[in-house]
Amino acid sequence: MHRIIYISTAADGLTDAGVADIVATAERDNPINQLTGFLLYNQRNFLQMLEGPRDRIGSLMRRIISDERHHGIVMMVDEEIAARSCADWQMRWIRLSLDMGRRSEELQTSLPVLSPGATQIVRNFALLN
Ligand SMILES: Cc1cc2nc3c(=O)[nH]c(=O)nc-3n(C[C@H](O)[C@H](O)[C@H](O)COP(=O)(O)O)c2cc1C
């Protein structure tokens, strides 16, 4: 079982409805590909976590990299894992509160248990943006 986390920059003009389209595709196709994970979006950047068989992540990433709805993908985490951290999430859109003061507390309850390094990256993304 494998996990990746990447960040990227959304294309100009991408709306919440556009993000909802991405999530709908992921919810439809990820079960077929045995993939689970979550997506964060701060109106400018994405952070996505994907977990599942390594080859399935690889083939999805080839499509995601050429997707024109974002660019500038930077891989932050690429690690073997013993088990999934969010087996029930085909692709959960974790919505960030606009109130920065509440985000830390919200993340405490909304994030699944990841490796310490992965948790730090997700928290930094959510709290710095
Ligand atoms: C930020 C972002 C995250 C995405 N996440 C997924 C995902 O988890 N699963 C998925 O099937 N497609 C995801 N997509 C969509 C894929 O890039 C691609 O459009 C989709 O797999 C359909 O590919 P196709 O048009 O080659 O059939 C994502 C796209 C973006 C921009």
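The structure we're discussing is the one just above.
To start, this report covers the structure provided alongside it. This structure is a prediction, so every number in the text was calculated from the model and none was measured. (Residues numbered from 1 in each chain as written. Predicted model: local features only at pLDDT ≥ 70, side-chain atom pairs only at ≥ 80, totals over all residues. Heavy atoms only, no water.)

1. Some thoughts on the sheet that holds strand β1 (residues 2-10)
Then comes step 1: Read across the sheet, five strands follow the order β4-β1-β3-β2-β5 without closing on themselves; strand pairing throughout is mixed. This sheet does not close on itself; its edge strands, each paired only once, are β4 (70-80) and β5 (92-93).
Then comes step 2: Direction of pairing for strand β2 (residues 36-41) relative to strand β3 (residues 45-52): antiparallel, over a ladder of six bridges. Following the sheet pairing, Phe 38 is matched in β3 by Met 49.
Then comes step 3: In this fold helix α2 (residues 54-65) packs onto β1, β3 and β4, with an angle of close to 155 degrees to the strand it touches most, β3.
Then comes step 4: Sitting on the sheet, helix α4 (residues 116-128) touches β1, β2, β3 and β4, and the angle it makes with β3 is about 155 degrees. (Pairing = 2+ DSSP bridges. Helix = DSSP H or I, 4+ residues; strand = E, 2+ residues; numbered from the N terminus. Contact = heavy atoms within 4.5 Å. Axes fitted to C-alpha atoms, helices over the stretch in contact; angles between N-to-C directions.)

2. Comments concerning the site of the ligand
Then comes step 1: As a structural note, the neighbourhood of the ligand is formed by 16 residues, with Asn 30, Gln 48, Arg 63, Asp 67 and Arg 69 the closest of them.
Then comes step 2: Here a nitrogen atom of the ligand sits 2.7 Å away from a polar atom, N or O, in the side chain of Asn 30.
Then comes step 3: In the environment of the ligand, an oxygen atom lies 2.6 Å from a nitrogen or oxygen atom belonging to the side chain of Asp 67.
Then comes step 4: Put simply, the ligand lies in the largest pocket.
Then comes step 5: For the shell around the ligand, the elements supplying multiple residues, two or more each, are α1 (16-29), β3 and α2.
Then comes step 6: Per-element tally for the shell around the ligand: the top contributor is α1, with four residues.
Then comes step 7: Tallied by class, residues from the shell around the ligand come to eight nonpolar, four polar and four charged. (Near = heavy atom within 4 Å. Polar contact = N/O pair within 3.5 Å; in protein donor to acceptor, adjacent residues only side chain to side chain. 1 Å grid on protein atoms, 1.4 Å probe; cavity = no way out; pocket = protein on both sides within 12 Å on 5 of 7 lines; lining within 4 Å. Sits in = over half its atoms within 2 Å of the grid points. Nonpolar A, V, L, I, M, F, W, Y, C, P; charged D, E, K, R; others polar.)

3. Regarding the layout of surface pockets
Then comes step 1: If you add up the space inside the largest pocket, you get close to 340 Å³.
Then comes step 2: Lining the largest pocket are 17 residues, and of these Ile 22, Leu 60, Ile 64, Asp 67 and Arg 69 lie nearest its centre.
Then comes step 3: Mapped by element, the contributors of at least two residues to the lining of the largest pocket are α1, β3 and α2.
Then comes step 4: The element contributing the most residues to the lining of the largest pocket is α1, with four residues.
Then comes step 5: Taken together, the residues of the lining of the largest pocket break down into nine nonpolar, four polar and four charged.
Then comes step 6: Of the residues contributing to the lining of the second largest pocket, the split by class is five nonpolar, three polar and four charged. (Points joined across faces, edges and corners; volume = space filled by probe spheres on them.)

4. Here's the deal with the packing of aromatic side chains
Then comes step 1: Summed over all chains, the structure comprises two aromatic pairs.
Then comes step 2: It is Arg 95 that lies over the ring of Trp 93; its NZ or CZ is 3.7 Å from the centre. (Phe/Tyr/Trp six-rings, centres within 6.5 Å; stacked < 30°, edge-to-face > 60°. Lys NZ or Arg CZ within 6 Å of the ring centre and 35° of its normal.)

5. Brief notes about the nonpolar core
Then comes step 1: In terms of nonpolar packing, the biggest core is built from 18 residues, with Val 19, Tyr 41, Phe 46, Leu 50 and Met 61 touching the most fellow members.
Then comes step 2: Residue assignment for this core shows that the elements contributing at least two residues are β1, α1, β2, β3 and α2.
Then comes step 3: Counting residues per element, this core draws most heavily on α2, at four residues.
Then comes step 4: Apart from residues no more than four positions distant in its own chain, Met 61 is found in contact with Ile 4, Tyr 6, Leu 50, Ile 73 and Met 75.
Then comes step 5: Counting 17 residues, the second-largest nonpolar core is a separate cluster that includes Val 77, Cys 86, Leu 96 and Leu 114. (Core = buried A, V, L, I, M, F, W, Y, C linked by side-chain atoms within 4.5 Å. Buried < 20%, exposed > 50% of the residue type's maximum accessible area, 1.4 Å probe, protein only.)

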